[in-house]
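Okay, here's what each chain looks like letter by letter:
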Amino acid sequence: MSVQYNAEQPVPAPPMIGEDMGFWDGVKSRQLVFQRCTGCGTWVHPPRPACPKCRSFDKEWAPSKGKGAVHSWVTYHESPHPAFKAPYSVVLVELEEGVRLISNMIDTGPEEISIGMPVEVVFDDVAEELTLPKFRKVG
Ligand code: ZN
C-alpha cells in the first residue's frame, strides 16, 4: 500500500523556492541530490547558505546513493489534509550520507514501518507537474 490520494483534491506541493531549487531540480530529473560543502565535505540538508560544520559558503549539489533507514515515523489515523486518505504515514529517513529527509513510503503499509528499516528512494509522479521522492523497503 502506498500513500492514497483523494482524486477530487489537488495534492499540495511543497514550496520550491530559493536554496531548495537544486534539490527540486534533481528530483525533477529523478535524481536525489543534497548540498555538500566543498570546504569540508559535510552533507547538508535542508539546504542553507553556510556549512553548519565549517561555515563555508562554498557548496555543490551532489548525488545521494538514495539508500538509508527509517529514523522515525508517524501515522495519521485521520487525514491531515483533504488530499490525503488516512491512514497516512510520514517517515523521517536518514540517508547513508547522514542527512535526513521527510517523506512517505511506497508499497509499505503503516503496520510494516519500523525504526531502522532499510529503505531506498523511488520517484513518485503524484500529479502531472509534481514528482516527489519517496521510499520503499529493501531487503
Ligand atoms: Zn564545511
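Fair warning: this is a prediction, and the values are worked out from it, not measured in the lab. (Residues numbered from 1 in each chain as written. Predicted model: local features only at pLDDT ≥ 70, side-chain atom pairs only at ≥ 80, totals over all residues. Heavy atoms only, no water.)

*Asks:* A description of the nonpolar core should follow, citing residues and the corresponding values.
*Replies:* Leu32, Phe34, Leu95 and Phe135 are the most contacted members of the largest nonpolar core, which has 28 residues in total. Among the secondary structure elements, those contributing two or more residues to this core are helix H1 (21–28), strand S5 (88–95), strand S7 (118–127) and strand S8 (130–137). (Core = buried A, V, L, I, M, F, W, Y, C linked by side-chain atoms within 4.5 Å. Buried < 20%, exposed > 50% of the residue type's maximum accessible area, 1.4 Å probe, protein only. Helix = DSSP H or I, 4+ residues; strand = E, 2+ residues; numbered from the N terminus.)

*Asks:* Let's hear about the packing of aromatic side chains: which residues, and what values?
*Replies:* Scanning all chains against the criterion turns up 5 aromatic pairs. Taking the centre distance of 4.3 Å and the plane angle of 10 degrees together, the rings of Phe84 and Tyr88 count as stacked. Judged by relative accessible area, Phe84 falls into the buried class, the value being 12%. The class for Tyr88 is buried, based on a relative accessible area of 8%. The rings of Tyr5, Tyr76, Phe84 and Tyr88 are connected pair by pair, giving a single aromatic cluster. (Phe/Tyr/Trp six-rings, centres within 6.5 Å; stacked < 30°, edge-to-face > 60°.)

*Asks:* If you had to explain the coordination of the zinc ion to someone new, which residues and values would you point to?
*Replies:* Taken together, Cys37 (SG), Cys40 (SG), Cys51 (SG) and Cys54 (SG) make up the full set of protein donors to the zinc ion, lying 2.3 to 2.4 Å away. Angles of 102 to 114 degrees at the metal separate the 4 donor atoms of the zinc ion, which places the site in the tetrahedral class. Within one chain, the residues donating to the zinc ion are spaced in sequence as C-x2-C-x10-C-x2-C. On the criterion of sequence distance, the pair formed by Cys37 in strand S1 (residues 33–37) and Cys54 in the loop between strand S2 (43–44) and strand S3 (59–63) is long-range, its members being 17 residues apart. Cys54 gets classed as partly exposed once you look at its relative accessible area, which sits at 36%. (Donors = N, O, S within 2.8 Å, 3.2 Å for Na, K, Ca; no water. Tetrahedral: all angles 85-135°; square planar, octahedral: opposite > 155°, others 65-115°.)

*Asks:* Can you tell me about the pairing of S1, naming the residues and giving the values?
*Replies:* Along S1, 4 of the 5 residues are buried, which leaves the element largely enclosed by surrounding structure. Where S1 and S3 come together, 5 bridges link them in antiparallel fashion. Across the sheet, residue Phe34 finds its bridge partner in S3, namely Ala62. (Pairing = 2+ DSSP bridges.)

*Asks:* Before we move on, can you summarise the environment of Ala50 with the specific residues and values?
*Replies:* For Ala50, the location among the structural elements is in the loop between S2 and S3. Those residues in contact with Ala50, other than ones at most four positions away along the chain, are Arg55, Ser56 and Phe57. (Contact = heavy atoms within 4.5 Å.)

*Asks:* Which residues make up the side chain of Ser103, and what values do they have?
*Replies:* With respect to the helices, strands and loops of the structure, Ser103 is situated in strand S6 (residues 100–103). In this view, Ser103 contacts Ser89, Val90, Val91, Pro133, Lys134 and Phe135; residues no more than four positions away in its chain are not counted.

*Asks:* How would you explain the pattern of salt bridges if you had to name every residue and give the values?
*Replies:* Any two side chains of opposite charge can pair, so long as their charged atoms come close to each other. Under the defined criterion, the tally for this structure stands at 9 salt bridges. Here Lys67 ties to Glu120 by a salt bridge, and the two come within 3.1 Å at their closest N and O atoms. With Lys67 in strand S4 (residues 67–76) and Glu120 in strand S7, this pair connects stretches of sequence that are 53 residues apart. Judged by relative accessible area, Lys67 falls into the partly exposed class, the value being 37%. (Salt bridge = Lys/Arg side-chain N within 4 Å of Asp/Glu carboxyl O.)

*Asks:* Pulling in residues and values, what's your account of the sheet that holds S5?
*Replies:* Across the sheet, which stays open at both edges, the 5 strands sit in the order S6-S5-S4-S7-S8 with antiparallel pairing between neighbours. Every other strand in the sheet has two partners, leaving S6 and S8 as the edge strands with one partner each. Ignoring strand direction, the axes of neighbouring strands in this sheet form an average angle of 35 degrees. As paired strands, S7 and S8 are joined by 8 bridges and run antiparallel to one another. From the neighbouring strand, Asp125 faces S8, where its bridge partner is Thr131. With respect to the sheet, H1 is in contact with S6, S7 and S8, its orientation differing from that of S8 by roughly 75 degrees. (Axes fitted to C-alpha atoms, helices over the stretch in contact; angles between N-to-C directions.)

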